[in-house]
Amino acid sequence: MPPFLIDTHTHLDFDRYDNDRDEVIRRAAEAFVAGMLTIGVDYPSSLAAVRLAEEYEQIYAAVGVHPHDANAMDDEQFENLCRLLEHPQVVAVGEVGLDYHYDYSPRDVQRRVFRRFLDVAWEMQKPLIIHTREADEDMFSILREKSRSGWRGVFHCFSSDEAAARKVLDFGFHISFTGNITFKNSRSVPVMKNVPIEKMLVETDCPFMAPEPYRGRRNEPAYVVHVAGKIAKEKELSFDTVAQITTQNAIRLFNLPL
Ligand SMILES: [Zn+2]
């Protein structure tokens, strides 16, 4: 029996799964994906993530507001999200962070919302799932400002450079890679090769970022095997080693009852 994987970043509540969600979740189990985290991007999707975690034993939820949606979050929603964080199936705060590539929300609003969630994650002692794009300078300065000993989290869908990876590791955070490392000439491969496997997680970020050979199609958790396979190949480790260690990392980071 091959070892199990955990897909640490999915968006299974998205409507692209409305017609076949059960099938997608069943295919994940057949591909030895023993656990999945489904990640909120705003209040409605966080609520939907919690509902999925209630419905399926192998699904856990994260609750947060994506930087794209920061502008739409009001105080009432923030309080509702904080209440959701008390739910036993909610294992992380996320996704939260900064995205200066699209700038869908004004940058000062993104920073303010991110800071609020950093404080809440600390109060609730939950790990963080961080999204960052083209915002490394502000990201690290806010993390320095809020830094606390023993805080935990992961930078998901990592696409920054080597120097940023070192900073993330210095803060004690994990780094998660997605299907983009399977793309031809991916700039993230050399970065990934230097991240210790003990600090690494795997994810699909589905429905986005389908790995080769599915690039361009709808992604799903079963495909996380291609991400783990690419890591094994590039780091010259066995697939089983990559699966076992990244699964242990996820269980410990998110305190999963697996
Ligand atoms: Zn995401």
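The structure this text deals with has already been given above.
Residues numbered from 1 in each chain as written. Predicted model: local features only at pLDDT ≥ 70, side-chain atom pairs only at ≥ 80, totals over all residues.

1. Concerning the overall build of the protein
On a plain count of helices and strands, the protein comes out with nine helices and eight strands. For 258 residues, the compact-globule estimate of 2.2 N^0.38 gives 18 Å, and the C-alpha radius of gyration of the protein, at 17 Å, lies within 12% of that figure. With the principal axes as the frame, the protein shows a C-alpha extent of 45 × 40 × 35 Å. When the 258 residues of the protein are sorted by exposure, 47% land in the buried category. Sequence-distant contacts in the protein: of pairs separated by 6 or more residues, those separated by 24 or more amount to 72%. (Helix = DSSP H or I, 4+ residues; strand = E, 2+ residues; numbered from the N terminus. Rg over C-alpha atoms; globule rule 2.2 N^0.38 Å. Buried ≥ 20, exposed ≤ 12 C-beta atoms within 10 Å, placed from the backbone. Contact = placed C-beta atoms within 7 Å.)

2. Re the sheet that holds strand E6 (residues 153-155)
Taking strand neighbours across the sheet as the criterion, the eight strands line up as E1-E2-E3-E4-E5-E6-E7-E8 in an open arrangement whose pairing is parallel. Since the sheet does not close on itself, it has two edges, and those belong to strand E1 (5-10) and strand E8 (200-202), each with one partner. Going across the sheet, the axis of each strand differs from the next one's by a mean of 30°, ignoring polarity. Looking at chain direction, E1 and strand E2 (residues 33-39) are connected through four bridges and run parallel. Paired with Leu 5 across the bridge in E2 is Val 33. (Pairing = 2+ DSSP bridges. Axes fitted to C-alpha atoms, helices over the stretch in contact; angles between N-to-C directions.)

3. Details of the packing of helix H8 (residues 224-235) against helix H9 (residues 239-254)
Running from N to C, H8 and H9 cross one another at 115°; their axes reach a closest spacing of 8 Å. Considering how the two elements wind past one another, H8 and H9 form a crossing that is right-handed. Across from Ala 228, Gly 229, Ile 231 and Ala 232 in H8, the residues of H9 making contact are Phe 239, Val 242, Ala 243 and Thr 246. Partitioning the contact of H8 with H9 into residue classes produces six nonpolar, two polar and no charged. (Left-handed = near helix turned anticlockwise from the far one by under 90°. Nonpolar A, V, L, I, M, F, W, Y, C, P; charged D, E, K, R; others polar.)

4. Thoughts on unusual backbone geometry
In this chain, Gly 94 is followed by Glu 95 through a cis amide linkage whose omega measures 5°. Looking at the secondary structure, you find Glu 95 in strand E4 (residues 90-99). Of note, the bond from Glu 212 into Pro 213 is cis; its omega dihedral lies within 30 degrees of zero at 5°. Within the secondary structure layout, Pro 213 lies in the loop between E8 and H8. A positive phi is found at Gln 125, a non-glycine position, where the angle reads about 55°. Counting through the fold element by element, Gln 125 comes out in the loop between helix H4 (107-124) and strand E5 (128-133). On the basis of neighbour counts, which here come to 10 C-beta atoms within 10 Å, the residue Gln 125 falls in the exposed class.

5. Focus: the pairing of E2
Counting buried residues along E2, six of its seven residues qualify, which places the element largely inside the surrounding structure. Strand direction decides the pairing type here: E2 and strand E3 (residues 59-63), joined by four bridges, are parallel. Its bridge partner lying in E3, Leu 37 is registered against Tyr 60. One crossover worth recording links E2 to the parallel E3 by way of helix H2 (residues 43-55), and it is right-handed. (Right-handed = clockwise from strand over helix to strand, strands pointing away.)

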